[in-house]
Amino acid sequence: MRITQGTFSYLPDFTDAEITAQIEYALEHGWPLSVEFTDDPHPRNIYWEMWGLPMFDLADPAGVLMEVNACRAAYPNHYIRLNAYDASLGRQTTALSFIVNRPAEEPGFRVDRAERANRTIGYTTHAYATDRPAGQRYGNP
């Protein structure tokens, strides 16, 4: 199962050249970038770990890709995403976000169905990755 979060999630994984093209697009629009990673890509897990600080003053796509590759080297079995922020409206708004690294094996999710009061049916998702302790969900960190 392939996790589909963010822009371009239904496309094949981007090459470094394609990632650089997206970085250039973001920088041309004045959107600073940041790199985040996690081993729990549950759709409601919005608190991914930040790799370094947001790159507010970086204008070179090679520098952003260097940070992406450093995060990949440190966490090869984690999900890594690149975020671009648009502050033109006076607040931090995510203008672009996409996954740039995935673990080799993506265990996926299961949907649990439960009957509740008044004959209603409730659904929850369970990430198979969370059956393992944090830091060991996709092999060795």
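The sections below set out a description of the structure shown in this document. (Residues numbered from 1 in each chain as written. Predicted model: local features only at pLDDT ≥ 70, side-chain atom pairs only at ≥ 80, totals over all residues. Heavy atoms only, no water.)

With respect to the pattern of salt bridges
Tallying each qualifying case throughout the model produces 4 salt bridges. Note that Glu36 and Arg81 form a salt bridge whose closest N and O atoms lie 2.8 Å from each other. Of the two residues, Glu36 is situated in strand E1 (residues 33-38) and Arg81 in strand E3 (residues 79-86); the sequence distance between them amounts to 45 residues. Across the pair, Arg81 and Glu36 agree in class, each one buried. (Salt bridge = Lys/Arg side-chain N within 4 Å of Asp/Glu carboxyl O. Helix = DSSP H or I, 4+ residues; strand = E, 2+ residues; numbered from the N terminus. Buried < 20%, exposed > 50% of the residue type's maximum accessible area, 1.4 Å probe, protein only.)

Re the side chain of Ser97
By secondary structure assignment, the location of Ser97 is in strand E4 (residues 93-101). A polar atom in the side chain of Ser97 sits 2.6 Å from the side chain of Asn83. With residues up to four places along the chain from it excluded, the contact list for Ser97 reads Gly6, Thr7, Arg81, Leu82 and Asn83. (Polar contact = N/O pair within 3.5 Å; in protein donor to acceptor, adjacent residues only side chain to side chain. Contact = heavy atoms within 4.5 Å.)

Observations concerning the packing of aromatic side chains
Pairs of aromatic rings are described using the distance from one ring centre to the other and the angle between the two planes. Inspection of the entire model under this criterion finds 7 aromatic pairs. For the ring pair Phe37 and Trp51, a centre distance of 6.5 Å and an interplane angle of 70° mean the geometry is edge-to-face. Here Phe37, found in strand E1, pairs with Trp51, found in strand E2 (residues 49-55); they are 14 residues apart in sequence, far enough to count as distant. Using a relative accessible area of 9% as the deciding quantity, one classes Phe37 as buried. Residue Trp51 is classed as partly exposed on the basis of its relative accessible area of 22%. Relative to Tyr75, the ring of Trp51 lies with its centre 6.3 Å away and its plane at 85°, an arrangement referred to as edge-to-face. (Phe/Tyr/Trp six-rings, centres within 6.5 Å; stacked < 30°, edge-to-face > 60°.)

Re helix H1 (residues 16-28)
With 13 residues, H1 extends 18 Å from end C-alpha to end C-alpha; this agrees with the ideal 18 Å at 1.5 Å per step. Among the residues of H1, those classed as buried are Ile19, Thr20, Gln22, Ile23, Ala26 and Leu27. With its buried residues spanning 160° around the axis, H1 presents them on a single face. Residues of H1 that are exposed and point more than 90 degrees away from the buried face comprise Ala17 and Glu28. Of the surrounding secondary structure, the elements contacted by the buried residues of H1 are E1, helix H2 (61-74), E3 and E4. Following H1 by one or two positions, Gly30 adopts a phi angle in the positive range, close to 75°. (Expected span 1.5 Å × (residues − 1). Arc of directions from axis to C-beta.)

Let's talk about the sheet that holds E1
Overall, antiparallel pairing links the 4 strands, which are arranged E2-E1-E3-E4 in an open sheet. This sheet does not close on itself; its edge strands, each paired only once, are E2 and E4. Neighbouring strand axes in the sheet, compared pairwise and without regard to direction, differ in orientation by 20° on average. In this structure, E3 lies alongside E4, joined through 7 bridges in antiparallel fashion. Across the sheet, the residue bridging to Ile80 is Asn101, located in E4. Sheet contacts for H1: E1, E3 and E4; angle to E4, the most-contacted strand, approximately 165°. Strands E1, E2, E3 and E4 of the sheet are contacted by H2, whose axis makes an angle of about 165° with E2. (Pairing = 2+ DSSP bridges. Axes fitted to C-alpha atoms, helices over the stretch in contact; angles between N-to-C directions.)

Here's the deal with empty space enclosed by the protein
This model, assessed by the stated rule, comprises 1 cavity of 30 Å³ or more. The volume enclosed by the largest cavity comes to roughly 80 Å³. In terms of lining, the largest cavity is formed by Arg2, Gln5, Thr7, Phe8, Ser9, Leu11, Pro12, Asp13, Phe14, Phe98, Ile99 and Arg102. For the lining of the largest cavity, the residue count by class is 6 nonpolar, 3 polar and 3 charged. (1 Å grid on protein atoms, 1.4 Å probe; cavity = no way out; pocket = protein on both sides within 12 Å on 5 of 7 lines; lining within 4 Å. Points joined across faces, edges and corners; volume = space filled by probe spheres on them. Nonpolar A, V, L, I, M, F, W, Y, C, P; charged D, E, K, R; others polar.)

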